[in-house]
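# Chains, contacts and geometry: an overview
Letter by letter, the chains look like this.
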Amino acid sequence: MRLSLSWLSDYLDLSGYEPSHIAELFTSLGLEVEECLSLPSIDEKVLVGEIIAIEPHPKADSLQVCQVNTGKEEPLTIVCGARNPRKGMKTAVATIGSVLPGGLTIQATELRGQRSEGMLCSADELGICEGQEGILELEDSCTAGVPLKQYIDTKDTVLTLSVTPNRADCLSYLGLARDLGAKIGRPLNYPSVKGIKEKASFKTKDFLGIRLASSVGCARFVGSLIKGVAVTPAPLWMQRRLHLAGMRSKNLIVDITNYLMLESGQPMHAYDARAIQGGWIGVREANKSETLQTLDGTLRQLQPSDLLIHDAEQPLGLAGVMGGAYSEIKEDTKDIFIEVAQFDPVQVRKTSKRLALRSEASMRFERGVDISQIPFVCHRAQFLLYQSLRHAGLDEELAIGDLLDAYPREKTRSRIALRLKRVRRILGLPHINLDTCIKHLMALGFELADKTEERMLFDAPLWRHDIIREVDLIEEIGRLEGFDKIPSELPRMVIQPNHEHMMISFGEKLSQCLATCGLSEVKTYPFHNLDWYKTLGLTEQHLLWPKIELANPLSEQMGHLRTSCVPDLLQAALHNRSKGGYSRGCRLFTITRGFFDPKQAAGFDQGLHLTQKAQGEKERIIEKKWFAGILDTPFMEKDWLRAAEPVSFFHGKALVEKIGGFFGLKNLSYKKPQAEQHPFLHPGASAVISYGPEELGFIGLLHPKVAKDFGFKKDLPLIFEMDMDLFHKASLDQKKAGTRAPARFPAVIRDFAFTLPQKVLYGEFKAALDAFPQRKHLWDAAIFDVYEGSSIAEGMKSFAISTSFRHSERTLTDKEVDQEVQDLTCWLEMQVSAVLRA
Amino acid sequence: MHELLKRAEQLGSDFFQAAASLKTALSHHGLRASFQVEELRINWLGKKGHLSLLFEELKSVSKEDKPAVGKALNILKKDAEQAIEQLLQMAEQAELEAALNQKPLDVTLPVSSSSLQGALHPVTLMGHMLLDIFRRYGFTVYDGPEVELDYYNFSALNIPEHHPARDMQDTFFLKDRKNTVLRTHTSNIQIHSMLKEKPPIRLVAPGRVYRVDNDATHSPMFHQIECVVVDEGISFAHMKGLIDAFMKSIFGSSFKTRLRPSYFPFVEPGAEVDLQCTICRGKGCKVCKETGWLEIGGCGMIHPNVFESVQYDSEAYTGFAFGFGIDRMAMLAWELKDLREMFEGSGSYSQMLPVFPPSLAIS
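What counts, and where the lines are drawn
- Residues numbered from 1 in each chain as written.
- Chains lettered and ligands numbered in written order.
- Predicted model: local features only at pLDDT ≥ 70, side-chain atom pairs only at ≥ 80, totals over all residues.
- Heavy atoms only, no water.
- Core = buried A, V, L, I, M, F, W, Y, C linked by side-chain atoms within 4.5 Å.
- Buried < 20%, exposed > 50% of the residue type's maximum accessible area, 1.4 Å probe, protein only.
- Contact = heavy atoms within 4.5 Å.
- Helix = DSSP H or I, 4+ residues; strand = E, 2+ residues; numbered from the N terminus.
- Pairing = 2+ DSSP bridges.
- Axes fitted to C-alpha atoms, helices over the stretch in contact; angles between N-to-C directions.
- Left-handed = near helix turned anticlockwise from the far one by under 90°.
- Salt bridge = Lys/Arg side-chain N within 4 Å of Asp/Glu carboxyl O.
- Polar contact = N/O pair within 3.5 Å; in protein donor to acceptor, adjacent residues only side chain to side chain.
- Disulfide = S-S within 2.5 Å.
- Phe/Tyr/Trp six-rings, centres within 6.5 Å; stacked < 30°, edge-to-face > 60°.

Turning our attention to the nonpolar core. All names here are of chain A. Judged by nonpolar contacts, the single largest core of 222 residues is most densely connected at F26 and I659. Once you skip the residues sitting within four places of it in the chain, I659 turns out to touch L510, C513, L514, C517, F627, F720 and F727. Within the second largest apolar cluster, 30 residues are counted, among which are A572, A573, C586 and A628.

Given below as structure tokens:
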């Protein structure tokens, strides 16, 4: 809401308050001032001028040469391009040296050979208001030669306030004046309707009736017929004020309705009375398949929930949202009907939302208007119309009808009890007293109905739809007292054991571990493009195919919710490549959630929702936590110590093992993945990672075709993705398995080379080694060479293994070790055909 | 004098001469110094060394002479050993000096690529800092769903359907699932936690939230931390105190906070939390739009309607809740300019940042 302080001072004495102070006060009341704009006066050198003669420009048809009296002996000669100058007209003259709001300095010039000693200005050029054609037309009573700013002072400050949706009343000058007045202790000055009731010369009901369909969403409908109006421009001061509010001036009638909406917060509508058929106007709900052409020219399809203003024949407007084109005020309109009403907030909201017609009026109806002031606002409209037409001398035919007031059930004010103890307790103000509470609430328009030492009863004003309970009154007291007056205290709390979900600190440690392992964290949007999943080679049947779609995505490409972080990381790696980071590689990780349909992924439930209270709990989307990473080539960039090292599967595996090791998870197993499960992985350089029977995730180079389709021009990145929940569970299981006491006595080290068939995987060899039944002192075994080549038989390979043997209480003898080695080699030969090389 | 003694005397003087000349030469031998001493030792005191051979001959010396000769030889041996020991110490010193005098490394050469440095995202870093602080205060950390049922995100929080307050947060809805939204705030945790626990409650819950908003200062995804305290006798003053305390822990004790009235349907009274501008320190600058204050979160006393929706006795218990933008705090702490840049997936973005923001160093 834009608030002109000069306008505001009509309703509240602001003397002694600087604009910046007023802005601070509004902010401290909860009406945040977002912007504070000061507007300058019109330059002193802009004078009132009287056109005393006009001649056509000898060389240009579109220009005229005016002689303008500015109070000097000699008139000024000014060339003007506007159409409306006429002899005897009073207008604004920017004399030489004056500066206009746009920064233009007026100089003497020659226009097509004709000297011009100034400029005749439009309201637009002077910054008074917009959209006015031609030069400014001043009243005849203005004196030529007097600075214009004596008649029109544009000096002002305009505050832009952010009004929260609970404060319907503050979408008006009166509401804002009331709040500020309560804060600074000054009374509200209501605007005048003086004498207007007496001006009513006929009964509106003799011409028009009001029919409210019962149970329809209109609690009060006030109207008045006014005859013999002239559809002229509104007075300049009103245009100026509408302009400051950001509204365009249209004509006197429409401008008055907008002006009063700003003044009082009550939207209203004026109809051309010719358009109302059958002698009555009413409110009803729309019928199916009914249509209405609204003011903006659009034909609207209506629905039964829409509230309509209608007459005997047809709909006239969408109640509270927008008027109809047919009944709008036209240039030749003579008789008008003014409607001031209350409409049901929910119905207005539904209609305006559905039709995407959010207007100043609908916003106010949605939040709730003050039903008690409706007749007053209607009188104000009559008053302003009467004053304006009379001032302009256009009131000869004007005849004002009295007010029709359809108000079937008078709304009563709600009575709310307020306990002093509760005020003190909630606000933490132990010494606030009864009188202070009463003073604040009365200033805001609350009425004290009763009081005892401990309790007060207040009647809430009808413009405050947000006041329902005691705590709402407490907030008002806190607001006016000032939050800065409330002390800062720390609560006293009982020490209490915490039961924090283990996954929370696990997540924190995991991210630290990944960063320590050399990966940088990225955070990305979960809004995914379905095409990414197609590129990964996934189909609709795949578990990772995104099934959760947004109804209102930012764009079609961001329409689905993530199931996997692989697309995020591939995009991130590409982003890093494109930002010139290619030669440097990148190592990234993310910890985030994938979103799944509960029907497909029941086993994925990670128990994030703590309760099951709401409807639709069974259809709740399942959120699965992943941690995932990408290593893009080079793993290490080249430097003065070594050449660049391309990314290999084993860099990734080393990483996974390191992370596993950090959480005590050592026995991870790696198996070749199935192509249909992981079509995006390189079949020869990838693995599914398991702990026992549980699959924790996968790791591998990206499939060359997928890489190419995604935009990786060369070199395959390595990706891994792990189920955080299963990984965490596995790490807990591992801890139960116990740990080995540290070694105290020296080990005996023996290195061997085994020849074995090529098809035997190291994993199988290692499994055999781990299952060695005569194991007594074998402590550790590590492979340190894998060899295939000329010195070994075709179809065979060699593993070089370094073993260590230990006893927990003494040093082993060679003899003991020799025996165990012999048993071990026999066992390995039996199990995996591994023969000790000579 | 026994002949053996004479020879011993001769050998002794030969040894000490050799030792003396080695001594003067040691510093030149540098890295080989102790090897030279070892050579001398083997020559004279080794199994086949000159002195050891003399001892062999002692066996054949007559009984009467043996004590005297033996004693003399032993003295000689002891002296020689001492001399060797001294030489050895000198040699080690010489070696050390030689080693230290070798060509020093160019310690200014970089090790960037081999250091394999990783980093946490600024939002994660700020999140961890916040959790550290709240855990010290005795708070429990909660987690909750990001895709949420309408009830938890709105209705139970005193935001009924068709209420204008729903417009305050532009919400992402799911297709074909009427009651489900991407949560617009972490306040859904208030309902989940209070339905599960009985008072007293003190918890924090960090998490991602989503709103249909995408411009230079708004990202459709951002992060909040929710804090909830419910007990008997909790007041607005307590909320002020806690907010002030934790903001000071993050930004330094010289920073002020202020609360100004605002509206969030699930609290009453409700307030916006402003932090003194970290750039201009309250003087007024572009970042704070000349106000000297930065909006950083919302707070308020939990609305009795919310207590009633979780079957808490709103007469017996009072409480407060606040929610802060973690992204916003991270941006202020590390002086980051563009919110959306944080979510572009650039790894180098995280790497630029020190783990503790510079403003902390000031405090």
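Now that the structure has been shown, we can carry on.
It is worth spelling out the pairing of strand β35 (residues 718-723) of chain A at this point. Residue and element names in this part refer to chain A. Buried residues dominate β35, accounting for six of its six residues. Residues of β35 alternate between two faces, with L718, F720 and M722 on one and I719, E721 and D723 on the opposite face, all of them buried. Pairing of strand β31 (residues 622-632) with β35, which is carried by six bridges, proceeds in the antiparallel orientation. Bridge pairing in β35 places I630 opposite I719. One ladder, built from five bridges, connects strand β34 (residues 694-702) with β35; its direction is antiparallel. Bridge assignment links F698 to a residue of β35, and that residue is E721.

All names here are of chain A. At a minimum axis separation of 10 Å, helix α10 (residues 420-427) and helix α12 (residues 470-481) run at an interaxial angle of 65°. Of the two elements, α10 crosses α12, and the hand of that crossing is right-handed. Note on element contacts: α12 touches α10 through E470, I474, I477 and G478, opposite R422, V423, I426 and L427.

Now for the pattern of salt bridges. Should their charged atoms come close, side chains of opposite charge can pair. Applying the stated criterion to the full structure yields 64 salt bridges over all chains. For E57(B), the salt bridge is made with R7(B), and the minimal N-O distance between the two is 2.7 Å. Separated by 50 residues along the polypeptide, E57(B) in helix α3 (residues 50-58) and R7(B) in helix α1 (residues 3-29) bring together distant segments of the chain. Using a relative accessible area of 32% as the deciding quantity, one classes R7(B) as partly exposed. The partner of E56(B) in a salt bridge is K59(B), with the nearest N and O atoms 3.3 Å apart. Judged by its relative accessible area of 47%, E56(B) falls in the partly exposed class. By sharing partners, the salt bridges in this structure join R167(A), D169(A), D179(A), R464(A), D466(A), E476(A) and R479(A) into a single network.

The residue after P199(B), namely P200(B), is reached through a cis peptide bond having omega 0°. Mapped onto the secondary structure, P200(B) falls in the loop between α7 (188-196) and β5 (201-210). Omega for the peptide link from E268(B) to P269(B) comes to -5°, which places this bond in the cis form. Structurally, P269(B) is set in strand β8 (residues 267-276). Even without a glycine there, the phi angle at S289(A) is positive, about 65°. Among the secondary structure elements, S289(A) is positioned in the loop between β15 (280-285) and β16 (291-293). Phi at N158(B) is positive, roughly 65°, even though this residue is not glycine. Its place among the elements puts N158(B) in the loop between α6 (150-153) and β3 (173-174). With relative accessibility at 21%, the residue N158(B) sits in the partly exposed group.

To continue, consider the side chain of R349(A). Residue placement: R349(A) occurs in helix α7 (residues 345-354). Accessibility expressed as a relative area gives 2% for R349(A), which makes it buried. Among the polar contacts listed, one links the side chain of R349(A) to the side chain of E366(A), at a separation of 3.3 Å. The residues contacting R349(A), other than those within four sequence positions of it, are R358(A), E366(A), H162(B), H163(B), P164(B), R166(B) and D167(B).

Residues and elements named next belong to chain A. Inspection of the entire model under this criterion finds zero disulfides over all chains. Left without a disulfide partner, C517 is nearest to the cysteine sulfur of C513, which lies 4.2 Å away. By relative accessible area, C517 is classed as buried at 10%. Just so you know, C565 is unpaired, no disulfide at all, and the nearest cysteine sulfur is the one on C586, 15 Å from it. The buried category is assigned to C565, whose relative accessible area is 0%.

Moving on, we come to the side chain of Q239(A). Residues and elements named next belong to chain A. Residue position: Q239 is located in helix α5 (residues 236-244). Here Q239 falls in the buried class, since its relative accessible area comes to 3%. A distance of 2.8 Å separates a polar side-chain atom of Q239 from the backbone oxygen of A234.

Scanning all chains against the criterion turns up 41 aromatic pairs over all chains. Taking the centre distance of 4.7 Å and the plane angle of 10° together, the rings of W7(A) and Y259(A) count as stacked. Here Y259(A) lies in helix α6 (residues 252-264) and W7(A) lies in helix α1 (residues 5-8), a separation of 252 residues in the sequence. Arranged with centres 6.4 Å apart and planes meeting at 65°, the rings of F251(B) and F255(B) form a pair that is edge-to-face. Take F251(B) and F255(B): they sit in the same class, and that class is buried.

Residue and element names in this part refer to chain B. Pairing in this open sheet of three strands is antiparallel, and the strands run β2-β4-β3 from one edge to the other. The two strands at the open ends of the sheet, each matched to only one other strand, are β2 (147-149) and β3. Sheet analysis places β2 next to strand β4 (residues 177-182), joined by three bridges and oriented antiparallel. Opposite V147, over in β4, you have L182 as the bridge partner.

With that settled, consider the sheet that holds β5(B). All names here are of chain B. Read from one edge of the open sheet, seven strands run β1-β5-β6-β10-β9-β8-β7, paired in mixed fashion. Here the strands that pair on one side only, and so sit at the sheet edges, are β1 (140-141) and β7 (257-262). Pairing analysis gives eight bridges linking β8 to strand β9 (residues 293-302), with the strands arranged antiparallel. The residue bridging V267 from the neighbouring strand is I302, located in β9. On the sheet, helix α5 (residues 122-136) packs against β1, β5, β6 (221-231) and β10 (318-325) and is oriented at approximately 10° with respect to β6.

Any link to function would need more than the numbers given here.
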